[in-house]
Amino acid sequence: MKILALETSCDIASVSLFEDDNLILELKETSPKNHSEALMPLIDKILKETNTTLDDIDLFAVDNGPGSFTGIRIGLSTVKAFCDAKNKPCISVSSLEALAYTAPKENSYICSLIDAKHDNIYAGIFEYKNGNYTRLKDFSFENIHDFLKNLGSLKKKIFFVGNCGILYKDVIKSYLKNEICILEDSLASSKYVGIASFDKYNQDIILNSIELDALYLKKSNAEITQK
């Protein structure tokens, strides 16, 4: 089964092609282009370099957030168009879930944290055990201090992934007595969106284009300003 995975919720747009959970190729756009300009050239390039067409793709996967509001919309609209044009299924993977897959495969807890400015974070908590990822609570948008106060009950090692681990390194250490590991280079990418989507496919968590939706967790600045 061929999977085309897109990641547009963060600063770096990326596209990956998989055969089941085996990565064939990942391409990233690291120049400061808008995702609207970068995404389709990346898709065209990865299809050409792997001698693949959209007709060959069995499943489309996309990061549905949280993250850049504009980037999320671009990724979702692209996958919706592909699904409708080719009559193929899709899977959405949260950026917080994709980040969890960047942690080492140890029986432990994983905290995925994305900076939301002004001491606020997007957060997800997972337990990795015997090859499975279990989300322990709903994804949230909250203050970093409030979030850390509630982690004391976790007794195993905690991996922190995402851009907040380094940003709030000293704060995390001040709250927690657990064994912790802050991974400095853990960023969401289409590679991890693809791997997570294959796990979801095997759990029959499959969507059509109408069911595909964004996970923003908070209102945009424009929505806040209108009030």
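As shown above, the structure is provided for reference.
Along each chain, residue indices are assigned from 1 in the same order as the chain's sequence is written. Given that the model is predicted, a residue must reach a pLDDT of at least 70 before its local features are reported, and side-chain atom pairs must reach 80 or more before they are shown or counted; all residues, however, enter totals for whole chains, interfaces and linings. The basis for the side-chain values is all heavy atoms of the structure; hydrogens and waters are excluded.

Engineer: Got a minute to help me understand the overall build of the protein in this structure?
Structural biologist: Counting its secondary structure elements, the protein contains eight helices and eleven strands. The C-alpha radius of gyration computed for the protein amounts to 17 Å, which stays within 12% of the reference 17 Å derived for 227 residues, consistent with globular compactness. Counting every atom, the protein has about 11200 Å² of accessible surface; 46% of that belongs to carbon and sulfur. Neither His nor the chain termini are counted; the positive set is Lys and Arg, and the negative set is Asp and Glu. Just so you know, the charge point we use is NZ for Lys, CZ for Arg, CG for Asp and CD for Glu. Considering the protein, the positive charge centre built from 26 side chains and the negative charge centre built from 32 side chains are found 5 Å apart. Secondary structure elements are taken from DSSP: a helix is a run of H or I of four residues or more, a strand is a run of E of two residues or more, and numbering for both begins at the N terminus. Only C-alpha atoms enter the radius of gyration; for comparison, a globular chain is expected to reach 2.2 Å times N to the power 0.38, where N is the number of residues. Exposure was quantified through the Shrake-Rupley algorithm and a 1.4 Å probe, taking into account, for residues, occlusion by the shown protein chains and nothing else.

Engineer: I tried to follow the side chain of S14 on my own but got confused; where do I start?
Structural biologist: Position of S14 relative to the elements: it lies in strand β2 (residues 13–19). On the accessibility criterion, S14 (1% relative accessible area) is buried. Distance and chemistry together define a polar contact, namely a pair of N or O atoms within 3.5 Å, with one atom able to donate a hydrogen and the other to accept it when in protein, and with adjacent residues in sequence counting only for side-chain atoms on both sides. Looking at S14, its side chain comes within polar contact range of the main-chain nitrogen of S190, at 2.9 Å. Those residues in contact with S14, other than ones at most four positions away along the chain, are A5, L6, E7, E26, L27, K28, L42, S189 and S190. Burial classes follow relative accessibility: with a 1.4 Å probe on protein chains only, a residue under 20% of its type's maximum area counts as buried, one over 50% as exposed, and anything between as partly exposed. Only heavy atoms matter for contacts: two residues are in contact if any of them lie within 4.5 Å across the pair.

Engineer: Before we go on, may I ask you to explain the packing of helix α1 (residues 35–49) against helix α2 (residues 69–86) in this structure?
Structural biologist: Geometrically, a packed helix pair is captured by the angle between its two axes and the distance between the axes. Interaxial angle, 0 to 180 degrees, is taken between N-to-C directions of lines fitted to C-alpha atoms, where a helix line uses only the stretch in contact. Direction vectors running N to C along α1 and α2 enclose 40°, while the axes themselves pass 10 Å from each other. As summarised for this structure, α1 and α2 are arranged oblique, according to the angle between their axes. Judged by the sense of rotation from one axis to the other, the crossing of α1 with α2 is right-handed. Between α1 and α2, the residues in contact are H35, S36, L39, M40 and I43 and G71, I74, G75, T78 and F82, respectively. An angle below 35 degrees is treated as roughly parallel, one above 145 as roughly antiparallel, one from 65 to 115 as roughly perpendicular, and anything else as oblique. In this scheme the crossing of two helices becomes right-handed for a clockwise turn of the near helix relative to the far one and left-handed for an anticlockwise turn of less than a right angle.

Engineer: Help me understand the environment of Y168, please; the structure alone is not making it clear to me.
Structural biologist: By secondary structure assignment, the location of Y168 is in the loop between α5 (164–167) and α6 (169–175). On the accessibility criterion, Y168 (8% relative accessible area) is buried. When the C-alpha atoms of Y168 and I144 are compared, they prove to be 8.3 Å apart, with 24 residues separating the residues in sequence. In contact with Y168, not counting residues within four places along its chain, are D115, D119, N120, I121 and I144.

Engineer: Which parts of the structure should I look at to understand the pairing of strand β3 (residues 22–29)?
Structural biologist: In the case of a regular strand, side chains alternate between the two sheet surfaces. Bridge analysis of β2 against β3 gives seven bridges, and the strand direction is antiparallel. Considered in β3, the bridge of V15 is made with L27. Think of it this way: DSSP has to see at least two bridges between two strands before they count as a pair. In sequence, β2 turns back onto β3 through a hairpin of two residues, with D20 there showing a positive phi of about 55°.

Engineer: For this particular structure, what's the right way to read the packing of aromatic side chains?
Structural biologist: A ring pair, where both rings are aromatic, is described by two values, the distance of the centres and the angle of the planes. By convention, a stacked pair of Phe, Tyr or Trp rings (six-membered ring in the case of Trp) has centres within 6.5 Å and planes under 30 degrees apart, an edge-to-face pair has planes over 60 apart, and any other such pair is tilted. As enumerated under the stated definition, the model contains six aromatic pairs in all. Both rings, one in F60 and one in F82, keep their centres 5.4 Å apart while their planes meet at 40°; by these two values the pair is tilted. On the criterion of sequence distance, the pair formed by F60 in strand β4 (residues 59–63) and F82 in helix α2 is long-range, its members being 22 residues apart. By relative accessible area, F60 is classed as buried at 1%. Each ring, one from F69 and one from Y216, has its centre 4.6 Å from the other, and the planes form 15°; the classification is stacked. Of this pair, F69 sits in helix α2 while Y216 sits in the loop between α7 (190–202) and α8 (221–226), and the two are 147 residues apart along the sequence. Through successive ring pairs, a cluster of aromatic residues spans Y101, Y128 and Y133. The aromatic ring of F139 is capped on one face by R135, whose charged end is 4.4 Å from the ring centroid. In our convention, an over-ring charge means Lys NZ or Arg CZ found within 6 Å of a ring centre and within 35 degrees of that ring's normal. Geometry around Y109 places K156 over its ring, the cationic atom sitting 5.2 Å from the centre.

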